[in-house]
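# A closer look at the structure
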Amino acid sequence: MTDLQTLLRTGIHVFPIRVYFEDTDAFGIVYHSNYLNFAERARTEMMRLFGLEHSRLMAGDDGMAFAVRRCEADFRRPARLDDCLEVRSRVVALGGATIDMDQVVYSPTDDLDVCRMTLQLACVQRNGRPARVPASLRTKLQNLLTTNRT
């Protein structure tokens, strides 16, 4: 799993995933919706590196959370039972209440992208209305954007 120093240096968070039986269909191929689950876990762990735990964000006075506003997935090849994969996450844009990301499910064994996703996350209040991305997180994500542009 990526540490904070590596993330800040490279701008890419790498999260390892192994494909389990529960992730697959009857033929041992990863069911398409599970790529979204893999990406969610990777984003959660990336935010955790920045000291942002979703449970604390939701429990705070403002009661905020991140919701996927838009997602596009390009399934490039199937992943299979027992494959060891990586989810590579990169912040590409930051709005007042949104974070745009690219996430790639990658197979190091085959040196191939399995699934490529582009996402927009929206920061929302408990009542569903937009909220600004918390200032402490914004600063850290802004540093990642600078790293990603070089």
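Description of the structure in this document. What you are looking at is a predicted structure, and each value in this text was computed from that prediction instead of being measured. (Residues numbered from 1 in each chain as written. Predicted model: local features only at pLDDT ≥ 70, side-chain atom pairs only at ≥ 80, totals over all residues. Heavy atoms only, no water.)

## Regarding the side chain of Asn34
Summarising the element assignment, Asn34 is placed in helix α2 (residues 34–49). Relative accessible area serves as the criterion here: at 11%, Asn34 is assigned to the buried category. Within the structure, Asn34 has its side chain in polar contact with the backbone oxygen of Asp23 (distance 2.9 Å). Filtering out sequence-adjacent residues up to four positions away, Asn34 remains in contact with Glu22, Asp23 and Thr24. (Helix = DSSP H or I, 4+ residues; strand = E, 2+ residues; numbered from the N terminus. Buried < 20%, exposed > 50% of the residue type's maximum accessible area, 1.4 Å probe, protein only. Polar contact = N/O pair within 3.5 Å; in protein donor to acceptor, adjacent residues only side chain to side chain. Contact = heavy atoms within 4.5 Å.)

## Side note on the sheet that holds strand β4 (residues 98–107)
Here 5 strands make up an open sheet; going across it, the order is β1-β3-β4-β5-β2 and the pairing antiparallel. A strand with exactly one partner marks an edge of an open sheet, and here the two such strands are β1 (13–18) and β2 (64–75). Strand-to-strand twist in this sheet, taken as the mean axis angle between neighbours without regard to direction, amounts to 25°. Relative to β4, strand β3 (residues 84–94) runs antiparallel, the two sharing 8 bridges. Residue pairing for β4: Arg88 is matched across the bridge by Val104. α2 contacts β1, β2, β3, β4 and β5 (112–125) of the sheet and is inclined by roughly 135° relative to β1. (Pairing = 2+ DSSP bridges. Axes fitted to C-alpha atoms, helices over the stretch in contact; angles between N-to-C directions.)

## Observations concerning unusual backbone geometry
In the Ramachandran plot, Asp82 falls in the positive-phi region, its phi being about 75° despite a non-glycine side chain. Mapped onto the secondary structure, Asp82 falls in the loop between β2 and β3. Here the phi dihedral of Asp111 falls at roughly 55°; this positive angle occurs in a residue that is not glycine. Along the polypeptide, Asp111 turns up in the loop between β4 and β5. In this structure Asp111 comes out as exposed when scored by relative accessible area, which is 55%.

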